[in-house]
Amino acid sequence: MSIYWKLIWAYLKIGIFGFGGGYAMLSLVEKSVVGPGWISETMFTDIVAISQMTPGPIGINSATYIGYVAPGSVNPELHGVLWGLMGSIFATLAVTVPSFFLVLYSAHFIRRHNESGAVKAVFSGLRPVVVGLIASAAIMLMNAANFNPNGISSQMWTNIAICAIAFCLAYFPIKFKKKSIKIHPILIIILAGIAGFVLYY
């Protein structure tokens, strides 16, 4: 049962110190759950992908999925739907409750002091940190589990090509009949899923 206390403690820390949203807290989540060996690096990247594709914030989604998987992964006796649901509930509550109260108080404080030079200075310092955390999450996900899980070089280069094409479609508008069209991210995810099915099934 100690895995549940560990999950609660880990996600309490993530909920309190995870500034910048889901992507910014991914490196903290990875250190908290992959480091102790609760789940594998491959499973973590799969959970991140599922969390991105399902509705809701990635931080809460990943907490729910990891909370479900971790107990059975650590202790085979805790393998089952009931044990997994308990882990999901504990992890989700632990990551959301601190954030809820912090945001509630912060919103009240910022509304009262939004013209304060000190508050503006704090946010000026936080913005580049958040960008750095999101960049670190992107670099962290550029690993063998994502790009070369089977150790086949041709698959690695194919996956790199898919990543590059997805980035270009998301970032650069397409010129069509004197119009600039931006591809919707949901369509890019669907196309990437189709490409993966065709190439690897």
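This section reports on the structure supplied with the text. (Residues numbered from 1 in each chain as written. Predicted model: local features only at pLDDT ≥ 70, side-chain atom pairs only at ≥ 80, totals over all residues. Heavy atoms only, no water.)

Across its 24 residues, helix α6 (residues 117-140) extends 35 Å between first and last C-alpha, which sits within 8% of the 34 Å expected from 1.5 Å per residue. Within α6, burial applies to V119, A137 and M140. Of the surrounding secondary structure, the elements contacted by the buried residues of α6 are α2 (26-33), α3 (41-53) and α5 (81-112). (Helix = DSSP H or I, 4+ residues; strand = E, 2+ residues; numbered from the N terminus. Expected span 1.5 Å × (residues − 1). Buried < 20%, exposed > 50% of the residue type's maximum accessible area, 1.4 Å probe, protein only. Contact = heavy atoms within 4.5 Å.)

The biggest cluster of nonpolar side chains holds 27 residues, and the ones touching the most others in it are Y11, L26, V29, V33, F44 and I66. Here this core takes six residues from helix α1 (residues 2-17), the largest share from any one element. Apart from residues no more than four positions distant in its own chain, V33 is found in contact with Y11, W38, I39, F44 and I66. (Core = buried A, V, L, I, M, F, W, Y, C linked by side-chain atoms within 4.5 Å.)

The subject of this paragraph is the packing of aromatic side chains. Here the structure, examined in full by the defined rule, presents six aromatic pairs. Aromatic pair F100 and F101: ring centres 5.2 Å apart, planes at 80°, arrangement edge-to-face. Since its relative accessible area comes to 53%, F101 is described here as exposed. (Phe/Tyr/Trp six-rings, centres within 6.5 Å; stacked < 30°, edge-to-face > 60°.)

Across the interface, α3 lies against helix α4 (residues 58-74) with an axial gap of 9 Å and an inter-helix angle of 135°. Classified by the angle their axes make, α3 and α4 are oblique. Seen along the crossing, α3 lies across α4 with a hand that is right-handed. Between α3, through M43, F44, I47, V48, I50, S51 and Q52, and α4, the contact on the second element is made entirely by I58, N61, S62, Y65, I66 and V69. Classifying every residue of the contact of α3 with α4 gives nine nonpolar, four polar and no charged. (Axes fitted to C-alpha atoms, helices over the stretch in contact; angles between N-to-C directions. Parallel < 35°, antiparallel > 145°, perpendicular 65-115°, else oblique. Left-handed = near helix turned anticlockwise from the far one by under 90°. Nonpolar A, V, L, I, M, F, W, Y, C, P; charged D, E, K, R; others polar.)

For α5, spanning 32 residues, the distance from its first C-alpha to its last is 46 Å, which sits close to the expected 46 Å at 1.5 Å a residue. Listing the buried residues of α5 in full gives G84, G87, S88, A91, T92, A94, V95 and P98. Here the buried face of α5 lies against α1 and α4.

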